[in-house]
Amino acid sequence: MTIELEKVSKALHGKPVLQDLTLDFSTDTCYAVTGAKGSGKTTLLRILMGLDTPDSGRVRLLGDYKYSWLTCGAVFQRDALIENLSGVRNISVIRKLTSDKAAREELVKLLAPDRAELPVYKLSRAERRAVCIVRALSVPADLLAMDEPFEGMTDKERAAAFSYIMDHKGSTPLVIAGRERYAELAVFKSIPL
Amino acid sequence: MNRADGRRFRVDRELKEMAKVFRMPFGTRLLYLYLPALFGHARGAEGTAQQDGGDTEPEVREGDR
């Protein structure tokens, strides 16, 4: 199964960000989207998530997808967490099938148990990203799109988060966007913007 | 409507986008996003930063269902 971007162009505030971009995202493959600030990484992910529509070109699903639209497990650039809910609750509310207990079991793999029940506004940047990563992987998805998922993390935290992602992603194509080219992403297919 | 009992309320754009991407059911959105926003309880980072001074938008629309 493949997600195909065909000659996608997008301008923001009159400035072209993506121009005639043609890409394929295939099952079982990981992609690292790298580029400077403003190079279009977030725009590309937003188009894949269905939050932005391209000015020209199209996104096509080739293969046996369950829906005619793309379902995404997403880590947003600015977290998009419900601030007064705990990390556990932020994960369990997005899917009826995920209980608090199941969410807690997953979250404590990346977060200290006593931190998992705190409102997320009390968490550090790295801890918030951990909640976002677990949330993204807790839903069934055709694509995992993660925008700067390791931001604010130490090397040790990043290694743990990366390991968690790889263990839980299954065959779903994974797209990680970021300014930094971390060592863990060396085996990923590179998409420079 | 973006007013109820004379109060202005809005849900953070980021939270609305999150709900859209994760396809949160309408009931869950109502419970965790719209009603807390109406009563000023739950906010995303955007709302925490700028409180209630921003624009108001229609929140509960048929298209959200």
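Caption draft 1: Up close: the interface of chain B and chain A. Taken together, the contacts link 21 residues of chain B with 26 residues of chain A. Taken over both partners, the interface formed by chain B and chain A buries close to 1,900 Å², and the fraction arising from carbon and sulfur atoms is 62%. One can count two salt bridges joining chain B with chain A. A salt bridge links E14 of chain B to R78 of chain A, with the shortest nitrogen-to-oxygen separation between them at 2.9 Å. At the junction of chain B and chain A, the tally comes to four residue pairs in polar contact (both at pLDDT 80 or more). Ranked by the residues each element gives to the side of chain B that touches chain A, the list is headed by helix α1 (residues 13-21) of chain B, at seven residues.

Caption draft 2: Broad picture of the confidence of the model for chain A. Across chain A, the average pLDDT comes to 92, with 100% of residues at 70 or higher. Within chain A, strand β4 (residues 56-62) of chain A has the poorest average pLDDT of any element, 90, and helix α5 (residues 125-137) of chain A the best, 96.

Caption draft 3: Broad picture of the sheet that holds strand β1 (residues 2-12) of chain A. Residue and element names in this part refer to chain A. Strand order in the open sheet made by the three strands is β2-β1-β4, with antiparallel pairing throughout. Either end of the sheet is taken by a strand with one partner, and the two such strands are β2 (15-26) and β4. Sheet twist, expressed as the average angle between the axes of neighbouring strands with direction ignored, equals 15 degrees. Bridge analysis of β1 against β2 gives eight bridges, and the strand direction is antiparallel. Pairing of E4 across the sheet is with D24, part of β2.

Caption draft 4: Representation of the nonpolar core within the structure. Residues F25, M49, F76 and I82 of chain A together with M18 of chain B are the most contacted members of the largest nonpolar core, which totals 42 residues. Of the residues forming this core, the biggest block, five residues, is contributed by helix α1 (residues 41-49) of chain A. With residues up to four places along the chain from it excluded, the contact list for M49 of chain A reads C72, A74, V75, F76 and A145 of chain A together with V21 of chain B. Judged by nonpolar contacts, the second largest core, of 34 residues, contains V88, F150, L174 and L185 of chain A.

Caption draft 5: Just the confidence of the model for chain B, in detail. Residues and elements named next belong to chain B. Here chain B averages 67 in pLDDT, and 48% of its residues register 70 or above. By mean pLDDT, the top-scoring element of chain B is α1 (93), and the lowest-scoring one is strand β1 (residues 3-4) (46). Contacts for the low-pLDDT stretch residues 49-65, under 50 throughout, to residues beyond four places or in other chains number 28 contacts.

Caption draft 6: Molecular detail of the pattern of salt bridges. Residue and element names in this part refer to chain A. A complete count under the given rule lists 20 salt bridges over all chains for this structure. The salt bridge involving R179 is made with E148; its shortest N-O contact spans 3.6 Å. Pair noted here: R179 is in the loop between β7 (174-178) and β8 (189-192) and E148 is in the loop between β6 (143-147) and α6 (155-168), with a separation of 31 residues, a long-range link. Assessed through its relative accessible area of 46%, R179 is described here as partly exposed.

Caption draft 7: Region of the structure containing the sheet that holds strand β5 (residues 72-75) of chain A. Residues and elements named next belong to chain A. Judged by pairing direction, the sheet is parallel, and its five strands sit side by side in the order β5-β6-β7-β3-β8 without closing on themselves. Unpaired on one side and paired on the other, β5 and β8 mark the two borders of the sheet. Within the sheet, the average angular offset between the axes of one strand and its neighbour, ignoring direction, is 15 degrees. As paired strands, strand β3 (residues 30-34) and β7 are joined by five bridges and run parallel to one another. By the bridge assignment, C30 is partnered in β7 with L174. With respect to the sheet, α5 is in contact with β5 and β6, its orientation differing from that of β5 by roughly 180 degrees.

Caption draft 8: Just the environment of K109 of chain A, in detail. Residues and elements named next belong to chain A. Considering the arrangement of structural elements, one finds K109 in the loop between α3 (100-107) and α4 (113-116). Residue classification places K109 among the partly exposed residues on the basis of a relative accessible area of 48%. Along the sequence, K109 and V134 sit 25 residues apart, while their C-alpha atoms lie 9.2 Å from each other. Once residues within four sequence positions are removed from consideration, K109 is found in contact with Y164 and H168.

Caption draft 9: Structural view of the packing of aromatic side chains. With the rule as written, the count across this model stands at six aromatic pairs over all chains. Both rings, one in F26 of chain B and one in Y34 of chain B, keep their centres 6.3 Å apart while their planes meet at 45 degrees; by these two values the pair is tilted. Three or more aromatic residues joined by ring pairs form one cluster here, namely F150, F162, Y182 and F188 of chain A.

Parameters at a glance
- Residues numbered from 1 in each chain as written.
- Chains lettered and ligands numbered in written order.
- Predicted model: local features only at pLDDT ≥ 70, side-chain atom pairs only at ≥ 80, totals over all residues.
- Heavy atoms only, no water.
- Contact = heavy atoms within 4.5 Å.
- Buried area = accessible area lost by both parts, 1.4 Å probe.
- Salt bridge = Lys/Arg side-chain N within 4 Å of Asp/Glu carboxyl O.
- Polar contact = N/O pair within 3.5 Å; in protein donor to acceptor, adjacent residues only side chain to side chain.
- Helix = DSSP H or I, 4+ residues; strand = E, 2+ residues; numbered from the N terminus.
- pLDDT = per-residue confidence, 0-100.
- Pairing = 2+ DSSP bridges.
- Axes fitted to C-alpha atoms, helices over the stretch in contact; angles between N-to-C directions.
- Core = buried A, V, L, I, M, F, W, Y, C linked by side-chain atoms within 4.5 Å.
- Buried < 20%, exposed > 50% of the residue type's maximum accessible area, 1.4 Å probe, protein only.
- Phe/Tyr/Trp six-rings, centres within 6.5 Å; stacked < 30°, edge-to-face > 60°.

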